Amino acid sequence: RQRGKQERVRDRHPAAAPNLSMAGWDIRMLRWDGGRDGSCAGVGMGRPHARMGRSTDRERCLFGSTLRRTCLWEIFHPMTRPVSVGFGELTLEDGPLRFELRRSSRRSIGITVQLGGAVVVTAPYRASMRKIHTVLRKHGRWVRGKVKELREAPSPPPPPKWIDGERHRFLGREYSLRLLEGENRIVWLTDHELLVYMPNSGKTDAVRKLVERWMRDEGRALFGNRMDTLIRATPALELRERPSLDLRRMKSRWGSCSPKGRILMNTLAIRLPLPLVDYILMHELCHLKVPNHSREFWEHLGECMPDWERRKEALDREVV
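The structure reproduced in this document is the subject of the present report. Just so it is clear, the structure is predicted and the values come from calculations on it, not from any experiment. (Residues numbered from 1 in each chain as written. Predicted model: local features only at pLDDT ≥ 70, side-chain atom pairs only at ≥ 80, totals over all residues. Heavy atoms only, no water.)

### Quick word on the nonpolar core
So, step 1. Leu194, Val196, Phe223, Met265, Leu272, Ile280 and Met282 are the most contacted members of the largest nonpolar core, which totals 45 residues.
So, step 2. Only strand 9 (173-180), strand 11 (193-197), helix 4 (204-233), strand 12 (245-248), strand 14 (263-266), helix 5 (274-286), helix 6 (295-304) and helix 7 (308-316) provide two or more residues apiece to this core.
So, step 3. With 10 residues, helix 4 is the largest single contributor of residues to this core.
So, step 4. Each residue touching valine 196, except ones within four places of it in the same chain, is listed here: Leu177, Arg178, Leu179, Leu180, Ile186, Val187, Leu210 and Val211.
So, step 5. By size, the runner-up hydrophobic cluster in this structure holds 18 residues, among which are Leu101, Val113, Val121 and Ile132. (Core = buried A, V, L, I, M, F, W, Y, C linked by side-chain atoms within 4.5 Å. Buried < 20%, exposed > 50% of the residue type's maximum accessible area, 1.4 Å probe, protein only. Helix = DSSP H or I, 4+ residues; strand = E, 2+ residues; numbered from the N terminus. Contact = heavy atoms within 4.5 Å.)

### Description of the pattern of salt bridges
Side chains bearing opposite charge may pair, as long as their charged atoms lie close to each other.
So, step 1. In the structure shown here, the tally under the stated rule is 18 salt bridges.
So, step 2. The closest approach of N and O atoms between aspartate 307 and arginine 311, which form a salt bridge, is 3.1 Å.
So, step 3. When its relative accessible area of 23% is taken as the criterion, aspartate 307 is described as partly exposed.
So, step 4. The exposure class of arginine 311 is buried, given its relative accessible area of 16%.
So, step 5. Linked by salt bridges that have partners in common, Asp205, Arg208, Lys209 and Glu212 make up one network. (Salt bridge = Lys/Arg side-chain N within 4 Å of Asp/Glu carboxyl O.)

### A few points about the sheet that holds strand 4 (residues 83-92)
So, step 1. Judged by pairing direction, the sheet is mixed, and its 4 strands sit side by side in the order 4-5-7-6 without closing on themselves. Looking at which strands have only one partner, the edges of the open sheet turn out to be strand 4 and strand 6 (110-113). Sheet twist, expressed as the mean angle between neighbouring strand axes with direction ignored, is 30°.
So, step 2. Relative to strand 7 (residues 119-124), strand 5 (residues 95-104) runs parallel, the two being bridged by 5 bridges. The residue bridging serine 104 from the neighbouring strand is proline 124, located in strand 7.
So, step 3. Most of the contacts of helix 2 (residues 129-138) go to strand 5, to which it runs at about 125°, and overall it touches strand 4, strand 5, strand 6 and strand 7. (Pairing = 2+ DSSP bridges. Axes fitted to C-alpha atoms, helices over the stretch in contact; angles between N-to-C directions.)

### Examining helix 6
Helical geometry: 3.6 residues make up each α-helical turn, so side chains three or four residues apart lie on a common side.
So, step 1. Those residues of helix 6 that fall on the buried side of the exposure criterion are Phe297, His300, Leu301 and Cys304. Viewed along the axis of helix 6, the buried residues span an arc of 100°, placing them on a single side of the element. The outward face of helix 6, more than 90 degrees from its buried face, is lined by the exposed residues Arg295, Glu299 and Glu303.
So, step 2. Residues of helix 6 that are buried make contact with helix 5 and helix 7. (Arc of directions from axis to C-beta.)

### Topic: the sheet that holds strand 12
So, step 1. On the basis of which strands lie adjacent, the open sheet formed by 3 strands has the order 12-14-13 and mixed pairing. Strands at the two margins of the open sheet, each flanked by one partner only, are strand 12 and strand 13 (255-257). Strand-to-strand twist in this sheet, taken as the mean axis angle between neighbours without regard to direction, amounts to 20°.
So, step 2. Together, strand 12 and strand 14 form the strand contacts of helix 4, whose direction differs from that of strand 12 by roughly 145°.

### Some details on the packing of aromatic side chains
So, step 1. Going through the model one piece at a time under the given rule, you end up with 3 aromatic pairs.
So, step 2. Consider the rings of phenylalanine 170 and tryptophan 214, whose centres lie 5.3 Å apart with planes at 35°: the pair is tilted. With phenylalanine 170 in strand 8 (residues 167-170) and tryptophan 214 in helix 4, the pair connects residues that are 44 residues apart, well separated along the chain. Take phenylalanine 170 and tryptophan 214: they sit in the same class, and that class is buried.
So, step 3. Centroid distance phenylalanine 297 to tryptophan 298: 4.9 Å. Interplanar angle 75°. Geometry classified as edge-to-face.
So, step 4. On the basis of relative accessible area, tryptophan 298 is assigned to the partly exposed category, the value being 26%.
So, step 5. Aromatic ring contacts, followed pair by pair, group Phe297, Trp298 and Trp308 into a single cluster. (Phe/Tyr/Trp six-rings, centres within 6.5 Å; stacked < 30°, edge-to-face > 60°.)

### Re the side chain of glutamate 284
So, step 1. Here glutamate 284 lies in helix 5.
So, step 2. One buried charged side chain, glutamate 284, makes no salt bridge at all; its nearest oppositely charged neighbour is arginine 253, positioned 7.3 Å away.
So, step 3. Here cysteine 257 takes part through its backbone nitrogen, which lies 3.3 Å from a polar atom of the side chain of glutamate 284.
So, step 4. Not counting residues within four places of it along the chain, the set of residues in contact with glutamate 284 comprises Gly255, Ser256, Cys257 and Ile263. (Lys, Arg positive; Asp, Glu negative; His and termini not counted. Polar contact = N/O pair within 3.5 Å; in protein donor to acceptor, adjacent residues only side chain to side chain.)

Following this line, the structure appears as structure tokens:
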């Protein structure tokens, strides 16, 4: 069946035939040039996944699909990571803004300000530079503020070594890690120490796995209880039952809310003080009603948690 499709494509578009080298699946991304001979130009490699843009009946290409004239049709692997394509500079009102441009399979243009102040713009393959510059100008003030904030932010702490006497945070307090020999694997929290009983306690990798599993279990129980408390104490949320909750290690977020109403918390949030944990949970719960960061969202958050700004300022000083 795939071979038959290749033959039909070869008859319609002879120029595209040499690119069909992987049984009709791994083919080149194509740009429709609007010519009468149906010729197309190869742009990249990928696996058929999505078609971008509207089209007309006259503008047909591979597998009977259609393309908008002079528009890039992306055929790519669904799990493709962003690819850096270079650096750009845009002149704003307060001076030039330098950024790194990355292309990916996402549908919208995203702006990320990394620790240290580097600006990264991730855009779809089909997004033009004019569109990217328009988005940067629109959010220029926000980008400048974040650049200044992250340049002054403290550097992330070094990774733990998981050795005896090392300091570890739990709910905003620091505890000394004590490694003790024992037949069973047990983690116990006292007023000042985090006790870890296990055979061969000198194996740091085994200590790390045991403590991280304990913190993840503690976080799942604590976050669930705090979410129940917030829902009962906040009628403005208009929630009758708790949404699904899961934990995951995330590099740049404390929490997120999916379009299906599933709340995801960073496992490292168990290190934060309880008021900041409550703010993260309330922030994500408010996204169930307003799934964006519009003015309506912040007004809804203020109704549910009046002191959210103070908590957010404290959270911004924390490093994921």
